[in-house]
Every structure is written in C-alpha cells, then in structure tokens.
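# Structural features, examined
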Amino acid sequence: MFTHRSTRCSKDIIEDTVIALNRSNQPRGIRNMRKLTVALVAALVVAMALPVMAAPKVQVNGSLESKLTLSDQESFKGTGDLRLNLGISFDEGDRIKAFIGFKPVEWAPFWKPESGQQGAPLQSGDEPAAGTFGSLTPVTVLGPNGLTIEKAYVQAVGPYLPGGQEVTTRFGDLTLDYSPYILAASATDAVIEGASVDGIKLGPATVNVFYGWDPGTRDPINPADTKVEDLKHEVGPVVPGARFVASGASVAANIEGFDVKGAMVNANDKLAYVGSLAFSPVQTISLSGIYAHDEASNASATKVEAALDASSMIPGLGVKVGYRNFDAAFNPIYRDRSVDDEGVAINPVGSNIGQKGVKAEATMDIHGVTLTGSVDKYEQAQVDPIYERPAGDKTIYAVKAETMLEGFKLKGGYELAQGAIHQGDPDELTTITFGAERSLPVGPLNIDAKYDLTMKSNALAEHDIEATTTVPVPILNAVELTGKAKLQGDNRSYLGSVGYTAPNGIKFAVNYDKGYDDELVDGLSATASLKVEF
C-alpha cells in the first residue's frame, strides 16, 4: 500500500482541485468522474472545516495483472486485469475518511475489436481473438466499459456532541450487514446509497440505523419473480430506472444471559423483519430460534434449534435437534444469496427454501475417529425456476467419519436420500464417498497426494486424483509439478502443469489440458504472468 501525507494546507488543496475541475471541459469526462468529484470535494470541505485534518493521508491499493498465453489451439493471446481503490483519511486513527472503489477492468492489450480502440477494455461477452498483435497502449479506461467508480463514501467516527458516545457515520454508498435473512452485506454493498449510523448505545442495546435509496436493479414488490439460469446469477428482475427509498434499523443486546437480536428493512414501503433469541438454561444446553417475515412476498421463515454438549460423559459427544419452516416464496430483496463454486446455495435461506421439517444430528469421537450421524426429514415445496427441487416428502439418512491414520487423512460417508432431492433424481438415491490425503516421501521429493471417490446409485463412479510436488532443478531451483485427473466411465479429463516463479515475480507455466480446467485451452499451452499488489 502506498501512503502519501500532504504538508499543504486544506485551502491550497481545494483551490488546486477547483482549478483542475475548471480545466476539464469535456462533458464525457465530467460525467464519468462525477461521483469521484463529489466524494473528493466533500472530504476536502471537511478537511478545511476541522484543523485536525490539515494533513490528509492518501492511500491507494489494488492490483494490476497481465498474462500472456501461447497455445497450439489459439496461437498467441494477452489479457490484463486492473483493480484500484483510493482512500483518504485525516488522522492517525482513520476517524474521518473518504473511499473510492473502482470497478475491476479486464482488457486484451493485443486485441483490436471490429469497432473500438486497440487495447480497449473487454465488454460483456467479448472474447479476445488470438494471433493479433499491436501496441499495449493506449488503453481506454474511461467510459461506460472502462474505469468506472463502483463505490464511494465518506465516513466519520466520533460523537455528535462534546463528550458524547462515539458512533460511525457514513454518507454515500453503504454496506449494510444486519442479517443474512433480510439485509446482507453481499446484497447491499455499493447498491444502497444514503446515510448510516452504527454503534448507537441505548442501555444494554446497540442500535444501527440507515436511510437511503436503491437504484432499482431489482423489483422489491415481486422479488420471487426472479428469472435466472442458476444460483450464480440470482439477482432478481431488472427494473431500469425504478429507484425507491430503503430504510431500516437493527438492535442487539444481552439481557440476563439472553442474546436478543432484531432488524427491519423498509424497501419501497414493503417491510421485512427478523428477530432471534439465544440462551443457555444450563451450561451444557443451548437453545436458539429465529423468525423472519417478508411483506413483499407475504412469506415467512422460522428456524429453532437445541444443542446438547455431552462431552463430559462421552468425549466429543454432541447432539443437535432442529426444526425449520421456510415458505417457498420467502425471498427478501436484500437477503444473502451466497453460493459455492458449484452454484449450490450456502446461505441460510437458499439452503432451506421451501422446506418444512426436522433434523437431528449426533457427533462423537471414538478412538480418534470422529463420527457424525444425521436424519433430515422434511417436506419440500416447489420453488422453481430458481431451484430445481421437485416437491414432495424427503428423508436423508447420513453417516460420516474422519480420522488420521499413519499420516493419512481419511474421510468417508454414506447417504441414503428417499424422495427426489433434485430434478431428475430417482425416488431413492444412495451416495458413498471416500477420500484420502497425505504428503508422501518419494526419494528426495515430498508429494502431496489426494484421492476422492464418489459413487451414486444413479451414476458411474467418479474418481478425482491430484498430486503436487516441488522439484529442485539446477539454475531454476524450485519447479512445481501438478497432475490432476477426473475419471467417470469413459469420460476422462486431466491436467498436467509445470510451473516456475522467477525471482522477479513473473510466473511461468506450461500446461496440457484435456477438458479439466475451463480457464485453459485444450491441448498444450504456455503462460507468463505478473501480478503486482499495492
């Protein structure tokens, strides 16, 4: 991170900023930098008003990466990636600061589109052609597909009255994280603009509040009408230009051992709220419950759980019993929508949507083996098109085991699912898994090996094999060798890679891929890349 501390007075800084703005007589440039100008001027006005901020500290961080690829399929291709953030603070504790975050820019420096400048940033759907050469610069970074300000805000930490309590106040783009059920950071970051105040102390409670407006990229009245191909693109229906007011508050307190939390959000006069309670009547037992309601879809979500820690009787023994009831239509506009690499929901709403039932789980340690058994019995309501889960009664019995044995990390599992869990599955599906990992000494080398086996009653067995090692080579010193393979019947994909990182930071790799990695071209390819973080 580069840090620059100015010794000039605030008045000089503002005068220079105004002169620079007056010299810019290009309407397009002014439009592109409007949010940046507002944020900078606001921060500098504050700097002039308070003497403690006479020496602003400018912080710039991000990364710049360039990658060149040579392959027998696509000849030569170059790509680049730029990520940039700008922060301005006015004292040692960053108590007053401004932040400007730029949208990441991807470009192909040696590709010239049919209608555009060579080196221009890639637009959605563009794929740079290989085998075309040209100049790395100039690169157009301003404009609707170039260097765009994605987030900007000013923030102050301190009291509103002398001797008062300290709170955090933000103006501009907000990041609100009240609850994954109704207001998650991933759904609000740089989406809602306005003002927020966090950390208000009212007796034993801590209160956060906000008021702002949404640019209208989603429909708050009918969020369940989302049309998407898969969970990775679940953002809701687009309503261009339909801006609306959003406001809300959250409260958290511990009262006589009871952890109480609540939050509410009002988006376009449609209310969503959530409340939770957790306590331990005795040291070994904990109880918790949560209830959320979405007025826009007139749907609710309920989840309660009881946990018993019986490790004093049997080492590692723990028992959980839970009940959940999530209406299929429950889909607050700002809820968490996180998914894993396979597009499977890993948020509390998406993983339980449309389900009503109970789940019991027990875990114990027996001679170094951790055993987990569970039974999940529920009713699944239809929630298409977002989720491909057929309606009906479902029951899942599962047993898992993990242990370390002679240096091997072993794991295995058995699962019996009754009732179609996913679209196209049979009424009864059995899944058996096994995995092993270990660092194996082979001569002077240590090979990190990994093997996973998945057997389903409705599919062929799938084998995943991976091995990585570092080889000492004269002159080059350390060269990394990687081999990966996935086998399922006659379908076979594999990847072999040789990598080397030079002392100057440049990474070289030679790969041979056959259907294994979507980011690599099939066949033989060589890459050279350099990434600088600052």
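In this report, we go over the structure that sits alongside the text. Because the structure is a prediction, the values reported are computed rather than measured. (Residues numbered from 1 in each chain as written. Predicted model: local features only at pLDDT ≥ 70, side-chain atom pairs only at ≥ 80, totals over all residues. Heavy atoms only, no water.)

Moving on, we come to the pattern of salt bridges. With the rule as written, the count across this model stands at 4 salt bridges. Among the salt bridges present, the one from K151 reaches D189, with a minimum N-O distance of 3.1 Å. With K151 in strand β6 (residues 149-158) and D189 in the loop between α4 (185-188) and β8 (193-202), this residue pair connects regions lying 38 residues apart in the sequence. A relative accessible area of 17% means that K151 is categorised as buried. When its relative accessible area of 33% is taken as the criterion, D189 is described as partly exposed. (Salt bridge = Lys/Arg side-chain N within 4 Å of Asp/Glu carboxyl O. Helix = DSSP H or I, 4+ residues; strand = E, 2+ residues; numbered from the N terminus. Buried < 20%, exposed > 50% of the residue type's maximum accessible area, 1.4 Å probe, protein only.)

With 12 bridges connecting them, strand β16 (residues 355-366) and strand β17 (residues 369-380) associate as antiparallel partners. Bridge pairing links D365 to T370 in β17. In this antiparallel pair of consecutive strands, β16 and β17, the connection spans 2 residues, and H367 shows a positive phi of 50 degrees. Judged from the 11 bridges that link them, β17 and strand β18 (residues 392-405) form a sheet pairing that is antiparallel. (Pairing = 2+ DSSP bridges.)

To continue, consider the packing of aromatic side chains. Working definition: an aromatic ring pair is given by the centre-to-centre distance plus the angle between the planes. For the coordinates displayed, the defined rule picks out 4 aromatic pairs. A centroid spacing of 5.3 Å and a plane angle of 25 degrees characterise the contact between F99 and Y153, whose relative ring orientation is stacked. With F99 in strand β4 (residues 96-102) and Y153 in strand β6, the pair connects residues that are 54 residues apart, well separated along the chain. In this structure Y153 comes out as buried when scored by relative accessible area, which is 9%. For R170, the ring lying beneath its charged end belongs to Y153, and the centroid distance is 3.6 Å. The ring of Y378 carries R324 above its face, with NZ or CZ at 4.9 Å from the centroid. (Phe/Tyr/Trp six-rings, centres within 6.5 Å; stacked < 30°, edge-to-face > 60°. Lys NZ or Arg CZ within 6 Å of the ring centre and 35° of its normal.)

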